[in-house]
Amino acid sequence: MADRAQRISIGFLGGQVIAARVAVDQLEAFQRALEVREGWYALVCEDATMQLDRGQVCFVRIDSDEPRVGFGA
């Protein structure tokens, strides 16, 4: 993966959540693909490729890259 990896969490109907690290261009393509709420999508991650049912995805959480030290800012 040429781009830096972005940490994300994908939430599904039923409450399951999957964490992954994906390249920024893969994340942008996935976000565009979610505009169509049906069918399957192959999300290429750092260590695997996930086949996701777009109709079951409830949310995508994108972690910030802000450095943190201690318990609060």
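Scope of this entry: the structure provided in the associated data block. None of these values were measured; they are calculated from a predicted model. (Residues numbered from 1 in each chain as written. Predicted model: local features only at pLDDT ≥ 70, side-chain atom pairs only at ≥ 80, totals over all residues. Heavy atoms only, no water.)

**Details of the overall build of the protein**
At step 1: Helix and strand counts for the protein come out as one helix and five strands.
At step 2: Beginning at the N terminus, the succession of helices and strands in the protein can be written as β-β-α-β-β-β.
At step 3: Every one of the 73 residues in the protein was classed for burial, and the buried ones make up 30%.
At step 4: Here the contacts in the protein between residues at least 6 apart in sequence split such that 41% fall between residues at least 24 apart.
At step 5: Within the structure as shown, the protein displays about 5100 Å² of accessible surface, and the carbon and sulfur contribution to it stands at 51%. (Helix = DSSP H or I, 4+ residues; strand = E, 2+ residues; numbered from the N terminus. Buried < 20%, exposed > 50% of the residue type's maximum accessible area, 1.4 Å probe, protein only. Contact = heavy atoms within 4.5 Å. Areas by Shrake-Rupley, 256 points an atom, 1.4 Å probe, with all protein chains shown as cover.)

**As for the pattern of salt bridges**
At step 1: Considering all chains together, one arrives at three salt bridges under this definition.
At step 2: Put simply, Arg7 and Asp63 hold a salt bridge, and the shortest N to O gap is 3.6 Å. Linking Arg7 in strand S1 (residues 5-12) with Asp63 in the segment after strand S5 (57-62), this pair joins segments that are 56 residues apart in sequence.
At step 3: Among the residues examined, Asp63 registers a relative accessible area of 14% and is labelled buried.
At step 4: A salt bridge links Glu46 to Arg21, with the nearest nitrogen and oxygen atoms 3.3 Å apart. With Glu46 in the loop between strand S3 (40-44) and strand S4 (49-53) and Arg21 in strand S2 (residues 17-23), this pair connects stretches of sequence that are 25 residues apart.
At step 5: Note on Glu46: relative accessible area 48%, which makes it partly exposed.
At step 6: Residue Arg21 is classed as partly exposed on the basis of its relative accessible area, which comes to 35%.
At step 7: Overlapping salt bridges bring together Arg7, Arg61 and Asp63 as one network. (Salt bridge = Lys/Arg side-chain N within 4 Å of Asp/Glu carboxyl O.)

**Some words on helix H1 (residues 24-33)**
At step 1: For H1, the complete set of buried residues consists of Leu27, Phe30 and Ala33. With its buried residues spanning 120° around the axis, H1 presents them on a single face.
At step 2: Structurally, H1 contributes buried residues whose contacts are with S1, S2, S3, S4 and S5. (Arc of directions from axis to C-beta.)

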